[in-house]
Amino acid sequence: MKLLEYEAKDLFRAKGIAVPPTGGTIRDLKQLAGALKRAGKAPWVIKAQVLAGGRGKAGGVKLAKTPAEAKAVAKMILGMTLISPQTGPKGVLVREVLVDRATDIDRELYLSIVLDRREGRPAIIASAEGGVEIEKLAHERPEAILREPIDPIRGVEDWQARRVGFALGLKPEQIGPFVKMLKQLSRVFIDQDANMVEVNPLVVTKKGDLIALDAKMATDDNAYYRHPEFAKREDLEATALDKEAKKVGINYIELDGNIGCLVNGAGLAMATMDTVSLAGGSPANFLDVGGGANADQVTRAFQIILKDKRVKAVLVNIFGGIMKCTTIAEGVITATKRVGLKLPLVVRLEGTQVEEGKALLTKSGIKLIQADSLWDAAQKAVAAVKNLPEEPAKNGAAKKGKAAGNLVPAARPQRKTSGGQK
Ligand code: GDP
Ligand code: MN
């Protein structure tokens, strides 16, 4: 889970890491005067609280010298759609701003601790050239970035922290406070089960103090059980459908296409996505009902898929392993009837009791298109979206049920499909 700047700064403050004096966050202009007062004397800085960096350049971070200026700035940022390289083209709505006392900046440094998955340990990343996008710096001048692995048992050691401090060009009298700050930062990283804690910029003030001006943090969702406060927190990035799927216990992934896909298992989801793309279509979403789906879950999954207005056809691709294809067939039949499905439905079943499952589907009288392989199913779904009748798969897999194990034919059919369907 990603934390907002102020949430991360609150954790920093609790560990004795210097952050600017703050007036807290506000969602309404009426709360501004109180926040300015709490932050202290002018000037102030008003900062959009969204889960994306690059806010400064996007107009989401502004200085204000007077209360009137602060009001104008807060009014502009609250409710704006902030678009930065990290938000995607649609941007994010700013519902909350942080009001901090502004800092007199001399230098901007970069400091972070990340989980280095390849090394299997955390690493300190630092650069004397902070404030800019680190990805850009890493790309253009990798030598300007220092990387120092942390021993997971021993933690950050003083000599290491000193080395980083000197590499950042700090003055001898700043090294002591820096070592303390870096060690405390690693405590935040460990205690919160973070996989990233970033301070960009870490500033040296005109007086020579070190202050964490910005903070970015992401924690490991698998450690929720150790952090009930995170588990309870609203997931700011989840859409309404994400939340509904979570409630039902289904993995839901939203994409940009128009074929709704119901699958079981992450691997099959990926294979389905690739195959649909290969057939010239694109998935609108994925619902992974997992290994133990029952009729009820399948119904709920259908309901979620159909709430996505971009869906023009539904593709069910289920591999019955421990779960029997008959169970899935029953689920599909019940679900289709309950939700009154009007869109084209393509079903491909494989695995345990596949013949019995297919027979159930046929007998049900439900209007659906059965497919005998993933490739066949993908083609049929794509054709259904394009509203074209499709021809039987060229390799004959569609006719011979037993050939279903063949996912993708060696030669990809180039022509648009034609011919009849049942
Ligand atoms: P980001 O763009 O989302 O990473 O937001 P930051 O909090 O890092 O702010 C972006 C930039 O705004 C910083 O790199 C600073 O140059 C500037 N800035 C932010 N806060 C202050 C402040 O208190 N005083 C001054 N002088 N500049 C600030
Ligand atoms: Mn920043």
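Only a predicted model underlies this, so the values are computations on that prediction, with no experimental measurement involved.

1. As for the coordination of the manganese ion (ligand 2)
Around the manganese ion (ligand 2), the protein supplies Asn200 (O) and Asp214 (OD) as donor atoms, at distances of 2.1 to 2.2 Å. You can see asparagine 200 sitting in strand β11 (residues 194-205) and its partner aspartate 214 sitting in the loop between β12 (210-212) and β13 (216-219), a full 14 residues away along the chain. For the pair asparagine 200 and aspartate 214, a shared accessibility class is recorded, and that class is buried.

2. Describing helix α5 (residues 158-167)
Among the residues of α5, Gln160, Ala161, Val164 and Gly165 are the ones counted as buried. Down the axis of α5, the buried side of the element spans an arc of 135 degrees, and every buried residue falls inside it. Check the buried side of α5 and you find it contacts β9 (121-127), β10 (146-149) and α6 (172-191). The first or second residue beyond α5 is glycine 169, which carries a positive phi of 80 degrees.

3. Here's the deal with the site of ligand 1
The environment of ligand 1 is made up of 16 residues, and the closest members are Lys47, Arg55, Gly56, Thr103 and Glu108. One of the backbone nitrogen or oxygen atoms of glycine 54 is found 3.3 Å away from an oxygen atom of ligand 1. In the environment of ligand 1, an oxygen atom lies 2.7 Å from a nitrogen or oxygen atom belonging to the side chain of glutamate 108. In the complex, 79% of the free accessible area of ligand 1, which totals 560 Å², lies under the protein chains. Elements with a minimum of two residues in the shell around ligand 1: β3 (44-48), β4 (61-64), β8 (105-116) and β11. Two domains each donate at least three residues to the shell around ligand 1, and these are domain 1 (1-18 + 104-237) and domain 2 (21-102).

4. Let's talk about the sheet that holds β3
Across the sheet, which stays open at both edges, the 4 strands sit in the order β2-β7-β3-β4 with antiparallel pairing between neighbours. Where the open sheet ends on each side, the last strands, each with one partner, are β2 (22-26) and β4. Neighbour to neighbour, the strand axes of the sheet diverge by 20 degrees on average, direction disregarded. For β3 and β4, the ladder comprises 4 bridges, and the chain directions are antiparallel. The residue bridging valine 45 from the neighbouring strand is leucine 63, located in β4. Of the strands in this sheet, β2, β3 and β7 (97-101) are in contact with helix α1 (residues 5-14), which crosses β7 at around 45 degrees. Running over the sheet, helix α3 (residues 67-77) touches β3, β4 and β7 and is turned about 165 degrees from β4.

5. Here's the deal with the pairing of β9
Summarising burial for β9: 6 of the 7 residues are buried, a large majority. Examined bridge by bridge, β8 and β9 share 7 bridges and lie antiparallel to one another. Opposite valine 114, over in β9, you have alanine 123 as the bridge partner. Turn length for the β8-β9 hairpin, with the two strands adjacent in sequence and antiparallel, is 4 residues, and the turn residue glycine 120 shows positive phi of about 70 degrees. Here 4 bridges tie β9 to β10, and the two strands are oriented antiparallel to one another. Of the residues in β10, the one forming a bridge with alanine 126 is leucine 146.

6. Let's talk about the pairing of β11
Side-chain positions along a regular strand alternate between the two faces of the sheet. By the criterion of burial, β11 is predominantly enclosed, with 12 of the 12 residues buried. Pairing between β8 and β11: 8 bridges, direction antiparallel. Following the sheet pairing, valine 114 is matched in β11 by methionine 196. Taken together, the 4 bridges between β11 and β13 define a ladder with antiparallel strand orientation. Across the sheet, the residue bridging to glutamate 198 is lysine 216, located in β13. Where β11 hands over to β12, the hairpin turn is made up of 4 residues, of which glycine 208 adopts a positive phi near 100 degrees.

Cut-offs applied
- Residues numbered from 1 in each chain as written.
- Chains lettered and ligands numbered in written order.
- Predicted model: local features only at pLDDT ≥ 70, side-chain atom pairs only at ≥ 80, totals over all residues.
- Heavy atoms only, no water.
- Donors = N, O, S within 2.8 Å, 3.2 Å for Na, K, Ca; no water.
- Helix = DSSP H or I, 4+ residues; strand = E, 2+ residues; numbered from the N terminus.
- Buried < 20%, exposed > 50% of the residue type's maximum accessible area, 1.4 Å probe, protein only.
- Arc of directions from axis to C-beta.
- Contact = heavy atoms within 4.5 Å.
- Near = heavy atom within 4 Å.
- Polar contact = N/O pair within 3.5 Å; in protein donor to acceptor, adjacent residues only side chain to side chain.
- Areas by Shrake-Rupley, 256 points an atom, 1.4 Å probe, with all protein chains shown as cover.
- Domains from an automatic or database assignment.
- Pairing = 2+ DSSP bridges.
- Axes fitted to C-alpha atoms, helices over the stretch in contact; angles between N-to-C directions.

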